[in-house]
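Working through the structure, step by step
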Amino acid sequence: MAAGEDLLWDADDKSMQMVPRLRRIGVTAGCLGFLGLLLWTDSDATWVLYAGVLYLLGEIAYWAWDRRRLVEARVVPGEADGPARLRLRRVGGRITEHDPHHVARVLLIHDNVLDLAKLRLSLHGRQLLFGRPGRPPALTTWRHTCPKAKVGDRAAHWGMPGIPD
């Protein structure tokens, strides 16, 4: 394994993009409050209120899911000349270290339009981890780092409109 830090995955966008999300949530909440005041009486247009509330719940659920996505994966040396570790950093800032031998599967899904890829990382006995889109890394580095993992790549299942796949 590597003696220094090797970068395995690096997402293009590592920010949480909170300002636009908070702005959208604030505008929607303000509009819902205004509509709630207008529709205070019994009206048949209360579905607008329900649609806005569903949008707010969807935005909050997406934020909770997105903050767990991976933005960086590195191989770091272990403590006291121990085996190397796999360091994973998420959008929310959480950093975890794992044994590379516990990685079960690494899948890179290449975009058909842009020169980007998405990472799917599966650990033994754990959940599937999703990576934000980034530049496609070399698969040989993943194979050397995680020798027990099934490492592969594939093209995305969608194509450009009007162009046969």
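Worth saying up front: this structure is predicted, and the values here are computed from it rather than measured.

Reading the values: rules and limits
Residues numbered from 1 in each chain as written. Predicted model: local features only at pLDDT ≥ 70, side-chain atom pairs only at ≥ 80, totals over all residues. Heavy atoms only, no water. Pairing = 2+ DSSP bridges. Helix = DSSP H or I, 4+ residues; strand = E, 2+ residues; numbered from the N terminus. Axes fitted to C-alpha atoms, helices over the stretch in contact; angles between N-to-C directions. pLDDT = per-residue confidence, 0-100. Salt bridge = Lys/Arg side-chain N within 4 Å of Asp/Glu carboxyl O. Buried < 20%, exposed > 50% of the residue type's maximum accessible area, 1.4 Å probe, protein only.

**Quick word on the sheet that holds strand β2 (residues 70–76)**
Here we have four strands laid out as an open sheet, ordered β1-β2-β3-β4, and antiparallel in their pairing. Two strands close off the open sheet at either side, each with one partner strand: β1 (6–10) and β4 (95–98). Strand-to-strand, the axes of this sheet are offset by a mean angle of 20°, without reference to chain direction. Across four bridges, strand β3 (residues 85–90) lies against β4 in antiparallel orientation. Of the residues in β4, the one forming a bridge with R89 is I95.

**Considering the confidence of the model for the protein**
Per-residue confidence for the protein gives a mean pLDDT of 79; residues scoring 70 or more make up 81%. Per-element mean pLDDT across the protein ranges from 73 in helix α1 (residues 18–38) up to 90 in strand β5 (residues 103–110).

**A few points about the pattern of salt bridges**
Under the counting rule described, the total for this entry stands at four salt bridges. R87 is the partner of E97 in a salt bridge, and the nearest nitrogen-oxygen pair spans 2.6 Å. Note that E97 is positioned in strand β4 and R87 in strand β3, a separation of 10 residues in sequence. Residue E97 is classed as partly exposed on the basis of its relative accessible area, which comes to 36%. Linking D115 and R135 is a salt bridge whose minimum nitrogen-to-oxygen distance equals 2.6 Å. One end of the pair, D115, is in the loop between β5 and β6 (117–123); the other, R135, is in the loop between β7 (128–130) and α3 (139–145), with 20 residues separating them in the sequence. Taken together, the salt bridges that share partners define one network made up of E72, R74 and R89.

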